[in-house]
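# Structural description and commentary
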Amino acid sequence: MSQRNPELEEGIKPDSDEEVTEPPMYKVLLLNDDYTTMEFVVEVLKYVFYKSLEEATRIMLNVHRNGVGVCGIYPYEIAETKVNTVDALARERGYPLKCTMERE
Ligand code: TYC
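Residues numbered from 1 in each chain as written. Predicted model: local features only at pLDDT ≥ 70, side-chain atom pairs only at ≥ 80, totals over all residues. Heavy atoms only, no water.

Moving on, we come to unusual backbone geometry. Phi angles above zero are rare outside glycine, and Tyr50 is one such case at about 55 degrees. On the secondary structure map, Tyr50 appears in the loop between helix H1 (38–47) and helix H2 (53–66). (Helix = DSSP H or I, 4+ residues; strand = E, 2+ residues; numbered from the N terminus.)

What follows is the structure in structure tokens.
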């Protein structure tokens, strides 16, 4: 027999004195270097950060010109996974590409 679960019903609001907090968000940053190819950086932005070719190219050129740039903003564990994936792909291909994360 199924029971009512009032927490799942529409229109239920948290008590007004209950705090609703968003998870802290983290910027994932890509760093420029002189050896990683522009093509590889664009591929990383497409496949790890789900950017379109146009957006990936824009972000890559921004990093190339300014030394650092934001690839995306995510909750901690997603940001951490993306940083680790970029590190692994770069290492596999022998590129010194560096990716870090920073609290928003
Ligand atoms: N500066 C690199 C080059 O001229 C391209 C590059 C862009 C490398 C962004 C890293 O995060 C980076 N080949």
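Following the structure, the description resumes.
A word on helix H3 (residues 76–93). Its 18 residues place the ends of H3 26 Å apart at the C-alpha level, agreeing with the 26 Å of an ideal helix rising 1.5 Å per residue. Burial in H3 covers these residues: Ala79, Lys82, Val83, Val86 and Ala90. Viewed end-on, H3 has its buried residues packed into an arc of 100 degrees, placing them on one side of the element. Looking at H3, the residues exposed on the side facing more than 90 degrees away from the buried face are Glu77, Arg91 and Glu92. (Expected span 1.5 Å × (residues − 1). Buried < 20%, exposed > 50% of the residue type's maximum accessible area, 1.4 Å probe, protein only. Arc of directions from axis to C-beta.)

This part covers the site of the ligand. Around the ligand sit Leu30, Leu31, Asn32, Asp33, Thr36, Met38, Val41, Met60, Val63, His64 and Leu97, and those are all the residues in its vicinity. Asn32 places a side-chain nitrogen or oxygen 2.8 Å from a nitrogen atom of the ligand. In the model, a nitrogen atom of the ligand is placed 2.9 Å from a nitrogen or oxygen of the His64 side chain. Contact with the protein chains hides 88% of the accessible area of the ligand, taken as 350 Å² for the molecule alone. According to the grid-proximity analysis, the pocket containing the ligand is the largest pocket. Put simply, the parts of the chain that give the shell around the ligand at least two residues each are strand E1 (25–31), H1 and H2. By residue number, the principal contributor to the shell around the ligand is H2, which donates three residues. Its residues placed into classes, the shell around the ligand shows seven nonpolar, three polar and one charged. (Near = heavy atom within 4 Å. Polar contact = N/O pair within 3.5 Å; in protein donor to acceptor, adjacent residues only side chain to side chain. Areas by Shrake-Rupley, 256 points an atom, 1.4 Å probe, with all protein chains shown as cover. 1 Å grid on protein atoms, 1.4 Å probe; cavity = no way out; pocket = protein on both sides within 12 Å on 5 of 7 lines; lining within 4 Å. Sits in = over half its atoms within 2 Å of the grid points. Nonpolar A, V, L, I, M, F, W, Y, C, P; charged D, E, K, R; others polar.)

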